[in-house]
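Summary of structural features
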Amino acid sequence: MKRDASGRIHFKIVFWGASPSGKTTALKWVHENVEGYNKGGFTSVDDPNGLTLYFDYTTLTSESNVIFDLYTVAGQKRHKHQRNVVLKGTDGVIFVVDSSRNMMPDNKFSIEELRDNLGDRLVSNLPIVIMLNKRDAPDSITKKKLLSELGLDRYHTYETIATRGIGIKSAFTSLAREILAKNLQKIEDKQRKVL
Amino acid sequence: MLNVKAFDEILSKIIKSESGIKKVILVDRTGLTIAHVSKFSYYPVDIDGIGAIASAVFCASEEQGKNLDIGELKIVTSEFDDGKIFAASCGKGVLCVITEADVNIGMVRLVIKKGSDKLQQILDEFLAEKPVAPTPTPETTKEMAEKEELEAALKELEKF
Amino acid sequence: MISQKVFQSTLKKLKAHEGVRGVIVTNSEGLPISSTLDTDKTEKVAALITSLVGKAKSIVAELEEKNLNFFTIDTKNGEVLVAPEETYILIVLKDKRKA
Ligand SMILES: Nc1nc2c(ncn2[C@@H]2O[C@H](COP(=O)(O)OP(=O)(O)OP(=O)(O)O)[C@@H](O)[C@H]2O)c(=O)[nH]1
Ligand SMILES: [Mg+2]
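Residues numbered from 1 in each chain as written. Chains lettered and ligands numbered in written order. Predicted model: local features only at pLDDT ≥ 70, side-chain atom pairs only at ≥ 80, totals over all residues. Heavy atoms only, no water.

Quick look at the overall build of chain C
Keep this limit in mind: Here a helix means four or more residues in a row that DSSP labels H or I, a strand means two or more in a row labelled E, and each is numbered from the N terminus. Our radius of gyration looks at C-alpha atoms and nothing else; its globule reference is 2.2 Å times the residue count to the power 0.38. Buried, partly exposed and exposed residues are distinguished by accessible area as a fraction of the type maximum, computed with a 1.4 Å probe on protein chains only: under 20%, between the cut-offs, and over 50%, respectively.
The helix and strand tally for chain C stands at two helices and five strands. Taking 99 residues into account, the globule formula puts the C-alpha radius of gyration at 13 Å, and chain C, at 14 Å, falls close to it. Taking the principal axes of the C-alpha coordinates as reference, chain C spans close to 40 × 35 × 25 Å. For chain C, buried positions account for 36% of its 99 residues.

Things to note about the coordination of the magnesium ion (ligand 2)
Where we set the bar: Counted as coordinating are nitrogen, oxygen and sulfur atoms within 2.8 Å of the metal, or 3.2 Å for Na, K and Ca, while water is not included, which may make sites look incomplete.
Coordination sphere of the magnesium ion (ligand 2), protein contribution only: Thr24(A) (OG1) and Thr52(A) (OG1), at 2.0 Å. One end of the pair, Thr24(A), is in helix α1 (residues 23-33); the other, Thr52(A), is in strand β4 (residues 52-61), and 28 residues separate them in sequence.

Remarks on the interface of chain B and chain C
Short version of the rule: Contacts are residue-level and defined by heavy atoms, with any inter-residue pair within 4.5 Å sufficient. What counts as buried area is the accessible surface, traced by a 1.4 Å probe, that two parts surrender upon association, with contributions from both included. Here, a salt bridge means any Lys or Arg side-chain nitrogen found within 4 Å of an Asp or Glu carboxyl oxygen. Amino acid classes used here: Ala, Val, Leu, Ile, Met, Phe, Trp, Tyr, Cys and Pro are nonpolar; Asp, Glu, Lys and Arg are charged; the rest, including Gly, are polar.
Taken together, the contacts link ten residues of chain B with nine residues of chain C. Both sides together, the interface formed by chain B and chain C hides about 770 Å², and carbon and sulfur atoms give 56% of it. It is Asn104(B), Ile105(B) and Leu110(B) that lose the most area in chain B upon contact with chain C, and together they represent 49% of the buried surface on that side. Our count for the chain B to chain C interface comes out at three salt bridges. For Arg109(B), the salt bridge is made with Glu43(C), and the minimal N-O distance between the two is 3.4 Å. For the side of chain B that touches chain C, the leading source of residues is helix α3 (residues 105-128) of chain B, giving six residues. Each residue belonging to the side of chain B that touches chain C can be placed in one class, and the counts come to four nonpolar, two polar and four charged.

Digging into the side chain of Asp69(A)
What counts, and what does not: Just so you know, the count uses Lys and Arg for positive and Asp and Glu for negative, and it drops His and the chain ends. N or O atoms closer than or at 3.5 Å make up a polar contact, with two conditions inside protein: a donor-capable atom paired with an acceptor-capable one, and, for residues adjacent in sequence, both atoms drawn from side chains.
Looking at where Asp69(A) falls in the secondary structure, it is placed in strand β5 (residues 66-73). Among buried charged residues, Asp69(A) stands out as having no salt bridge; its nearest opposite-charge side chain is Arg8(A), 7.7 Å away. Here the side chain of Asp69(A) touches His10(A) through a polar contact of 2.7 Å, side chain to side chain. Residues contacting Asp69(A), with those up to four places away along its chain left out, are His10(A), Phe11(A), Lys12(A), Ile13(A), Tyr57(A), Thr58(A), Thr59(A) and Leu32(B).

Quick notes on the sheet that holds strand β2 (residues 32-35) of chain C
All names here are of chain C. Filter applied, for reference: Between any two strands, pairing holds if DSSP finds at least two bridges. Orientation is described by lines fitted to C-alpha atoms, with helices fitted over the stretch in contact, and by angles between N-to-C directions that extend from 0 to 180 degrees.
The strand order across the open sheet built from five strands is β2-β1-β5-β4-β3, with neighbouring strands paired in antiparallel fashion. With partners counted over all chains shown, the strands left at the sheet margins are β2 and β3 (71-74), one partner each. Averaged over all pairs of adjacent strands, the angle between strand axes in this sheet comes to 15°, irrespective of strand direction. Helix α1 (residues 4-16) contacts β1 (20-27), β2 and β5 (88-95) of the sheet and is inclined by roughly 145° relative to β1. The strands touched by helix α2 (residues 39-62) are β1, β2, β3, β4 (78-84) and β5; relative to β5, the strand with the most contacts, the crossing angle is about 115°.

A look at the site of ligand 1
All names here are of chain A. We count it as follows: Residues are classed as near a molecule or strand on a simple rule: at least one heavy atom within 4 Å of it. Accessible surface area values rest on a Shrake-Rupley calculation with a 1.4 Å probe, where residue burial reflects the displayed protein chains alone.
Neighbouring ligand 1 are 19 residues, the closest being Ser-19, Lys-23, Thr-25, Thr-52 and Gly-75. In this structure, Ser-19 approaches ligand 1 through a side-chain N or O atom, which is 2.5 Å from an oxygen atom. Side-chain polar atom of Asn-133 to a nitrogen atom of ligand 1: 3.1 Å apart, as the coordinates give it. Expressed as a share of its isolated accessible area of 660 Å², the protein-covered part of ligand 1 is 78%. A per-class count over the shell around ligand 1 returns seven nonpolar, nine polar and three charged.

Some words on the sheet that holds strand β5 (residues 93-99) of chain B
Residues and elements named next belong to chain B. Across the sheet, five strands lie side by side as β2-β1-β5-β4-β3; this open sheet has antiparallel pairing. Because the sheet does not close on itself, it has two edges, and the strands there are β2 (33-38) and β3 (75-80). Strand-to-strand, the axes of this sheet are offset by a mean angle of 10°, without reference to chain direction. Here β3 pairs with strand β4 (residues 83-90) via six bridges, running antiparallel. Looking at β4, one finds that Ser-78 is bridged to Ile-85. Strands β1 (21-28), β2 and β5 of the sheet are contacted by helix α1 (residues 4-16), whose axis makes an angle of about 40° with β2. Along the sheet, helix α2 (residues 47-68) contacts β1, β2, β3, β4 and β5; its crossing angle with β1, the most-contacted strand, is approximately 70°.

Some details on the interface of chain A and chain B
Contact with chain A, which involves 48 residues of that partner, is made by 43 residues of chain B. Buried area between chain A and chain B, both sides added, is near 4000 Å², and the carbon and sulfur share of it is 64%. Per-residue buried area on chain A facing chain B is highest for Arg3(A), Ala5(A) and Leu184(A); these three make up 17% of the total on that side. Viewed at the interface, chain B and chain A are joined by six salt bridges. The salt bridge involving Lys2(A) is made with Asp28(B); its shortest N-O contact spans 2.6 Å. Linking chain A with chain B are 15 residue pairs in polar contact (both at pLDDT 80 or more), by the criterion used here.

These figures capture arrangement, not role.
Okay, here's the thing in structure tokens:
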């Protein structure tokens, strides 16, 4: 949680996951279908094939001046440094898993990299939500198997099809809620200490 | 508590100091736009998006410098047909100056150097503070206000 | 385009003149090309003088006085001599001439 010079509260959320698990597709869907919140522009730094080169970025602003800064990372292995830059200062992560069978090694690589990058922050309960994407893929692995093989059993998980917008809203709102609740809790704890 | 004016004042001074400067944006190294000023709004731009890229570009160059072991990064200059972008390190932030193509580069660099020293200072104070409401209020009231904002955002989330 | 050798020797000659504190050549964007002074001072002088040359040029044009060839800034400490050429500006910092 941060404030800008105008006093508005910002939360940064990063969509993390292998290429092409569907991070950009999911963020675009959020951007195009959001209601209630005010949406900002959509910025993409991508390659000629539409794969992300650096990041996608968009904002959602609530009436009460809380802003979610939403980013995707570039999932291709060679963009490691870009991913590190984008992940800095994040308040929550949506980990996007590609359910296709042959994507398992890439999913594993991606979650390991996230764990390495977050280090202590992962342990200290950084809000994370899992999107099991491409549930429509013909060779998709079962939810149970995906979660246990990736060691993700303890997180909120949503089965999604980003191309059709299925489950995206739930995954996003779940993470946003967790982030807001966590920060509310922090304030309440502090108040209790004062009393 | 620092007020918004402290940033605005410095950014405005920068933008006024040379005729070719069109926009000045202060971002942090996580892509957050902290403050900005513009001379004219020729066309509406997504400042937050511009800030995010500015920060990312600067951090990427910084990373490149680390990999090549060539010391600290000071200024990144991007030259386009119809304009230039300067991004300069200022402590925990990045100062981004957008200009016309035929600007006095030397002058811009000078202005950036002067401005970034001052910005670095107030930025450190700004970031060191607990994130609180912009008006000076007793600690508990600030927290109450903060709580209300977060609760309101939570409610709005349900409309999404 | 003059050769680097001729360029450097010309600068040296200028610098050797009595009372000359420094010689700076800057491009029209205010970026120093060559200088006998330290970096900070050089950047400052180049930027500020280039900015002044821009203003002077527009004044000359406004007054319909044709081309700007040369100007001097006379100060208590000395003089700043400015010769704006097509692609660069030659700047000489001088001590006050002794009477
Ligand atoms: N069948 C199916 N295809 C999907 C789904 N989500 C995304 N795709 C497709 O997968 C491809 C890659 O999607 P992107 O969103 O660009 O992937 P990404 O994760 O952003 O990839 P990088 O930017 O390289 O990290 C596109 O062709 C999408 O249409 C899904 O749920 N089901
Ligand atoms: Mg992408």
